Amino acid sequence: MIAAFLWGALGASALVIGAWIAYTGRPSKRLIAVVMALGTGLLIGSVSFELIDEAIENSDPGMVGLMALVGAGVFTLGDWWLARQGGGDRKDPEGAQAEGQAKAIVFGSVLDGVPESFVLGLSLHEGGVSLALLVGVLLSNLPEGMASSAGLRTAGWAQGRVMRMWLLVVVAAAVSAALGYVLLDPMTGATGALVQSFAAGALLAMVANTLLPEAFEVEGIFTGSLVVAGFAVSIMLSNIQA
């Protein structure tokens with residue numbers, strides 16, 4: 001469990017690095033979008049190879065699909081509620097966060113990090129953390145930290161305040177990874193497979209809601225090829241454990 005906690009913290013640490021880059025430099029929107037698209041492909045691959053494939057081996061495919069829908073629905077409801085509270089523009093790099101509520105922005109960022117951290121903890125049951133998943137988490141969190149922090153900087157947030165927010169998210173991600181290791185044990189058979197499916201659905205919904213729209217807004221028709229490139233890398237890394 002301690003190892004899962006540390007891997008979760010490592011994956012989320014890219015948020016802090018992204019925030020530092022946003023305040024000390026001026027990362028281009030194109031660079032952020034490219035990394036987001038690649039991270040999306042890697043995470044989709046990880047869901048396919050680390051969760052859904054294994055869940056189908058231990059449970060009925062129909063139930064796997066149903067639980068994936070439930071996971072996506074739960075994430076979407078949480079995202080919808082936080083958007084109504086003022087956290088809907090937490091990823092905007094242009095400063096739209098100025099119209100939102102600080103607490104909703106923080107909780108929204110925590111919500112985004114929970115699904116991937118849960119799955120990261122689960123991957124440790126395979127003998128070591130999934131390298132494909134870890135790279136996908138890092139490549140999704142780095143541009144998220146850059147884009148969100150750039151927007152928060154434009155909205156007038158001090159660097160120290162933003163860093164404290166991301167450190168809170170890092171702790172929440174680490175705890176989520178530890179819980180994922182404890183609760184999402186695939187050895188629990190059909191029950192574990194259904195929980196895996198739930199986590200997969202939540203992670204896919206997070207990717208679709210928070211990464212793809214921002215990437216497509218900048219890269220347009222090239223987004224698809226970048227996502228597939230990330231997916232291809234995930235295939236090549238899928239059997240490597242860190």
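Structure: see above.
So, a few notes on the structure that sits alongside this text. (Residues numbered from 1 in each chain as written. Predicted model: local features only at pLDDT ≥ 70, side-chain atom pairs only at ≥ 80, totals over all residues. Heavy atoms only, no water.)

**Thoughts on the overall build of the protein**
In terms of regular secondary structure, the protein is built from nine helices and zero strands. Along its sequence from the N terminus, the protein presents helices and strands in the succession α-α-α-α-α-α-α-α-α. Per-residue burial over the protein gives 49% buried out of 242 residues. Long-range contacts, defined as pairs at least 24 residues apart, comprise 85% of the intrachain contacts of the protein with a sequence gap of at least 6. (Helix = DSSP H or I, 4+ residues; strand = E, 2+ residues; numbered from the N terminus. Buried < 20%, exposed > 50% of the residue type's maximum accessible area, 1.4 Å probe, protein only. Contact = heavy atoms within 4.5 Å.)

**Quick look at the environment of S109**
Residue placement: S109 occurs in helix α4 (residues 102–123). Among the residues examined, S109 registers a relative accessible area of 3% and is labelled buried. A C-alpha to C-alpha distance of 10.0 Å links S109 and L82, two positions 27 residues apart in sequence.

**Things to note about helix α9 (residues 223–237)**
Helix length check: α9, at 15 residues, gives a terminal C-alpha distance of 21 Å against a target of 21 Å (1.5 Å per residue), a fit within 8%. Taken together, the buried positions of α9 are occupied by T223, L226, V227, G230, S234 and L237. The buried residues of α9 occupy one face: seen down the axis, they fall within an arc of 100°. Structural note: α9 exposes S225, V228 and M236 on the side pointing more than 90 degrees away from its buried face. Tucked inside the fold, the buried residues of α9 contact α2 (29–58), α5 (131–154) and α8 (212–219). (Expected span 1.5 Å × (residues − 1). Arc of directions from axis to C-beta.)

**Observations regarding the packing of α2 against α8**
At a closest axis distance of 8 Å, the pairing of α2 and α8 adopts a crossing angle of 130°. Relative to α8, the element α2 is oriented oblique. The element α2 and its partner α8 pack so that their crossing is left-handed. Between α2 and α8, the residues in contact are K29, R30, A33, V34, M36, A37 and T40 and L212, E214, A215, E217, V218 and E219, respectively. Split by residue class, the contact of α2 with α8 holds seven nonpolar, one polar and five charged. (Axes fitted to C-alpha atoms, helices over the stretch in contact; angles between N-to-C directions. Parallel < 35°, antiparallel > 145°, perpendicular 65-115°, else oblique. Left-handed = near helix turned anticlockwise from the far one by under 90°. Nonpolar A, V, L, I, M, F, W, Y, C, P; charged D, E, K, R; others polar.)

**Brief notes about the packing of α2 against α9**
Put simply, α2 and α9 touch, their axes get as near as 7 Å, and they point 45° apart. The angle between the axes of α2 and α9 places the two elements in the oblique class. By crossing handedness, the relation of α2 to α9 is classed as right-handed. Side by side, α2 and α9 meet where V34, A37, L38, T40, G41, L42, I44, G45, S46, S48 and F49 of the first sit next to T223, L226, V227, A229, G230, F231, V233, S234 and I235 of the second.

**Description of the packing of aromatic side chains**
With the rule as written, the count across this model stands at one aromatic pair. Taken together, a centroid distance of 5.7 Å and an interplanar angle of 45° make the contact between F49 and F231 tilted. Linking F49 in helix α2 with F231 in helix α9, this pair joins segments that are 182 residues apart in sequence. With relative accessibility at 33%, the residue F49 sits in the partly exposed group. Cation over ring: R161 sits above W157, and NZ or CZ is 3.9 Å from the ring centre. (Phe/Tyr/Trp six-rings, centres within 6.5 Å; stacked < 30°, edge-to-face > 60°. Lys NZ or Arg CZ within 6 Å of the ring centre and 35° of its normal.)

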